[in-house]
Amino acid sequence: MPEPEEATGWRRAMHLTLAAVWFSLAVLGAVLPGLPCTGFLLLTSYSLCRSSKRLHQRLLASRWFGPMLLHWRNHRAVRPGVKAKALATLVLMVAMSLTFARLPTPAWWAVAGSGAIGAGCIIRLRVVDA
């Protein structure tokens, strides 16, 4: 897959800013249940490869995040177990939110609908041993 061209000017600044936001959310997602880490890491990688090759290489070389991103880049799939863990976490968090939070009816349906969409996205992820 060819590398995208590095952006310049305001587009580079936008991608760097977004990369910082996505990375912050990914780090939070690594420690907070219910907040996805992988999706935000993929967004971070997307923004960095378009704004800073050096920072993108540092992210790929990261001991914590690099293997996951390299696996995705090479196979366009997740490792075994990731899909099951993500789905279990999503179902647990949505179920707890719907059961214990005193949500108004529209918010309850919004949480349930968002959970269903998220579950659908997770179920569609390919799994590859490698």
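The structure presented is a predicted model; accordingly, all values stated were derived computationally and were not measured. (Residues numbered from 1 in each chain as written. Predicted model: local features only at pLDDT ≥ 70, side-chain atom pairs only at ≥ 80, totals over all residues. Heavy atoms only, no water.)

Colleague: Can you help me understand helix H1 (residues 9-31) in this one?
Modeller: For the α-helix, the turn length of 3.6 residues means that residues three or four positions removed from each other point alike. In this model, H1 (23 residues) spans 34 Å end to end at C-alpha, consistent with the 33 Å of a helix rising 1.5 Å per residue. Against helix H2 (38-49) lie the buried residues of H1. (Helix = DSSP H or I, 4+ residues; strand = E, 2+ residues; numbered from the N terminus. Expected span 1.5 Å × (residues − 1). Contact = heavy atoms within 4.5 Å.)

Colleague: Just checking my understanding: could you explain the packing of helix H5 (residues 82-100) against helix H6 (residues 105-124) for this structure?
Modeller: Axes are the key here: two packed helices are described by the angle between their axes and the distance separating the axes. At a minimum axis distance of 10 Å, the contact between H5 and H6 shows a crossing angle of 175°. In this view, H5 runs roughly antiparallel relative to H6, as classed from their interaxial angle. Residues Lys-83, Ala-86, Leu-87, Leu-90, Val-94, Ser-97 and Leu-98 of H5 pack against Trp-108, Val-111, Ala-112, Gly-115, Gly-118, Ala-119, Ile-122 and Ile-123 of H6. Taken together, the residues that form the contact of H5 with H6 break down as 11 nonpolar, 3 polar and 1 charged. (Axes fitted to C-alpha atoms, helices over the stretch in contact; angles between N-to-C directions. Parallel < 35°, antiparallel > 145°, perpendicular 65-115°, else oblique. Nonpolar A, V, L, I, M, F, W, Y, C, P; charged D, E, K, R; others polar.)

Colleague: What am I meant to see in the nonpolar core here?
Modeller: In globular proteins that are soluble, nonpolar side chains generally tend to be buried together. Counting residues in each nonpolar core, the largest one holds 10 residues, listed as Ala-19, Ala-26, Cys-37, Phe-40, Leu-41, Leu-48, Leu-59, Leu-60, Phe-65 and Leu-69. Sorting the residues of this core by element identifies H1, H2 and helix H3 (53-60) as the ones contributing at least two each. Ranked by residues supplied to this core, first place goes to H2 with 3 residues. Apart from residues no more than four positions distant in its own chain, Phe-65 is found in contact with Phe-23, Val-27, Cys-37, Leu-41 and Leu-59. (Core = buried A, V, L, I, M, F, W, Y, C linked by side-chain atoms within 4.5 Å. Buried < 20%, exposed > 50% of the residue type's maximum accessible area, 1.4 Å probe, protein only.)

Colleague: I tried to follow a nonpolar patch on the surface on my own but got confused; where do I start?
Modeller: Together, Leu-28, Val-31 and Leu-32 give the surface a local cluster of nonpolar side chains, amounting to about 270 Å² of exposed area. What makes Leu-32 partly exposed here is its relative accessible area of 42%. (Patch = residues over 30% accessible without salt bridge, like charges linked within 9 Å, V, L, I, M, F, W, Y side chains within 5 Å. Areas by Shrake-Rupley, 256 points an atom, 1.4 Å probe, with all protein chains shown as cover. Salt bridge = Lys/Arg side-chain N within 4 Å of Asp/Glu carboxyl O.)

Colleague: Teacher, can you tell me more about the layout of surface pockets here?
Modeller: To find leftover empty space, a probe the size of one water molecule is rolled over the atoms. When its volume is computed, the largest pocket comes out at roughly 1100 Å³. In this structure, the largest pocket is lined by 38 residues; those nearest its centre are Pro-36, Cys-37, Thr-38, Gly-39 and Ala-86. When residues of the lining of the largest pocket are traced back to their parent elements, those giving at least two are H1, H2, helix H4 (66-75), H5 and H6. For the lining of the largest pocket, the element with the highest residue contribution is H5, accounting for 8 residues. (1 Å grid on protein atoms, 1.4 Å probe; cavity = no way out; pocket = protein on both sides within 12 Å on 5 of 7 lines; lining within 4 Å. Points joined across faces, edges and corners; volume = space filled by probe spheres on them.)

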